[in-house]
Structures are given as C-alpha cells and as structure tokens.
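Descriptive analysis of the structure
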Amino acid sequence: MNNIKTYIKNSLKTLEYLGIVQRYFKGSGAILMLHRIAPIDEKKLPANENLKVSPEFLEHFILQAKDKGYEFISLDTLHQRLISQNLKSKFLCITLDDGYKDNLTYGLEIFEKHEIPFCIYVCTSFPQGSHDMWWFGLEDFLLQRDALNYETLIGGGA
C-alpha cells in the first residue's frame, strides 16, 4: 500500500511539470491564508513559530508576486468577478485567521504601503477576553525544562 501511495505521489509530481496538465488544472489565482505576521523567534518551538511569516518575508513575497504579474484583490472583488465570470488571471487574495494583534502591529503597515487588500477573521474569544491560548502555556512549560518525567507531568515533581 505504501508503494502505491509513493508511486501516485511521484507520478503527480512529474505530471505537474508538464504544460498540458497545467493548462487544464491551473487556476487563475489563489486565496492565501496566513495566521501571524511577526519576527521569528529562534528560541521558541517550531510548532508555534511555523504559524508566522516575518514582516520581511511578507514584504518580499508581495514584491515578488507583483513582479510576476499577480494582482492583489479583496474577497469582495473576487466575489464580484466570480459572479460576473470575469476572473482576470494571476490574482491573489490574503486572509488572516484568528485576529492576532501582530496582524495590526506588523502587517497593516506593509499592506498599506503596497496597497494590498486583506481580510482578518477574528476569533470571537479574543475581543471577549475569554480565550485560552494553551499552546503558548505549553510552549513556556516545555522551554523551562531540560527534560520531562512522569512525576513532572502529573504534578509530583519540580
């Protein structure tokens, strides 16, 4: 079974480089979903840091995409173009999930500078103050220790 999956994966990888396949399956654009825009902290765990793009990366990406002819459009514009069946090629929409504060502190300036529309989906527990970002607490717990043992995990050890 594993060999079949590998074969299919490798076959699809090979086919994607063929122009005829791209002609039939290539889309006009994409919706990019980001979470966080902030400097990457090498001291933190990759599981949390992988949800970030650095401000420098975001700006470089925007400039590269514009150089390659991509147009950044809003979700409203995308909706209008879908309804009117007037999709221009090479478009990108940017969405940001959860509404982290760094979207404002690091992202807004970049988006405004390059006139990039974006949409932030705010997790309702953030403005309500009822969120429990347990993954950051777990990260702090793990980073404060060189090792974990059973007693530490059940509260019996230091």
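What comes next concerns the included structure. Model, not experiment: these values are computed from the prediction.

1. Observations concerning the pairing of strand β5 (residues 91–98)
Of all the 8 residues making up β5, 6 are buried; the element is thus mostly covered by neighbouring parts of the structure. Note that strand β1 (residues 29–34) and β5 share 6 bridges and pair parallel. If you follow Ile31 over to β5, its bridge partner there is Cys93. Pairing of strand β4 (residues 71–72) with β5, which is carried by 2 bridges, proceeds in the parallel orientation. From the neighbouring strand, Phe72 faces β5, where its bridge partner is Leu92. The pairing of β5 with strand β6 (residues 119–122) spans 4 bridges and is parallel. Bridging from a neighbouring strand, Leu96 pairs with Ile120 of β6. Taken together, β5, helix α6 (residues 102–113) and β6 form a β-α-β motif whose crossover is right-handed.

2. Here's the deal with the packing of aromatic side chains
This structure, assessed with the given rule, holds 1 aromatic pair. Sitting over the ring of Tyr100, Arg36 keeps its end group 4.8 Å from the ring centre. The ring of Tyr70 carries Lys90 above its face, with NZ or CZ at 5.1 Å from the centroid.

3. Digging into α6
Look at α6: 16 Å from first C-alpha to last across 12 residues, which is about the 16 Å you get at 1.5 Å a residue. One or two steps after α6, the chain reaches Glu115, where phi turns positive at roughly 55°.

4. Side note on a nonpolar patch on the surface
Where nonpolar side chains cluster on the molecular surface, the patch consists of Phe118, Ile120 and Val122 and spans about 220 Å² of accessible area. Here Ile120 falls in the partly exposed class, since its relative accessible area comes to 33%.

5. Focus on unusual backbone geometry
Located in the positive-phi region is Gln85, a residue other than glycine, with phi close to 55°. Summarising the element assignment, Gln85 is placed in the loop between α5 (75–83) and β5. A positive phi angle, close to 55°, is found at Glu115, a residue other than glycine. By secondary structure assignment, the location of Glu115 is in the loop between α6 and β6. The class of Glu115 is exposed, set by a relative accessible area of 71%.

6. Looking at the pattern of salt bridges
By the definition in use, this model includes 3 salt bridges. In this structure, Lys113 and Glu59 form a salt bridge, with 2.7 Å as the shortest nitrogen-oxygen distance. One end of the pair, Lys113, is in helix α6; the other, Glu59, is in helix α4 (residues 55–67), with 54 residues separating them in the sequence. Note that Arg81 is salt-bridged to Glu71, the shortest N-O span being 3.1 Å. Pair noted here: Arg81 is in helix α5 and Glu71 is in strand β4, with a separation of 10 residues, a long-range link. With a relative accessible area of 29%, Glu71 lands in the partly exposed category.

What counts, and where the lines are drawn
- Residues numbered from 1 in each chain as written.
- Predicted model: local features only at pLDDT ≥ 70, side-chain atom pairs only at ≥ 80, totals over all residues.
- Heavy atoms only, no water.
- Buried < 20%, exposed > 50% of the residue type's maximum accessible area, 1.4 Å probe, protein only.
- Helix = DSSP H or I, 4+ residues; strand = E, 2+ residues; numbered from the N terminus.
- Pairing = 2+ DSSP bridges.
- Right-handed = clockwise from strand over helix to strand, strands pointing away.
- Phe/Tyr/Trp six-rings, centres within 6.5 Å; stacked < 30°, edge-to-face > 60°.
- Lys NZ or Arg CZ within 6 Å of the ring centre and 35° of its normal.
- Expected span 1.5 Å × (residues − 1).
- Patch = residues over 30% accessible without salt bridge, like charges linked within 9 Å, V, L, I, M, F, W, Y side chains within 5 Å.
- Areas by Shrake-Rupley, 256 points an atom, 1.4 Å probe, with all protein chains shown as cover.
- Salt bridge = Lys/Arg side-chain N within 4 Å of Asp/Glu carboxyl O.

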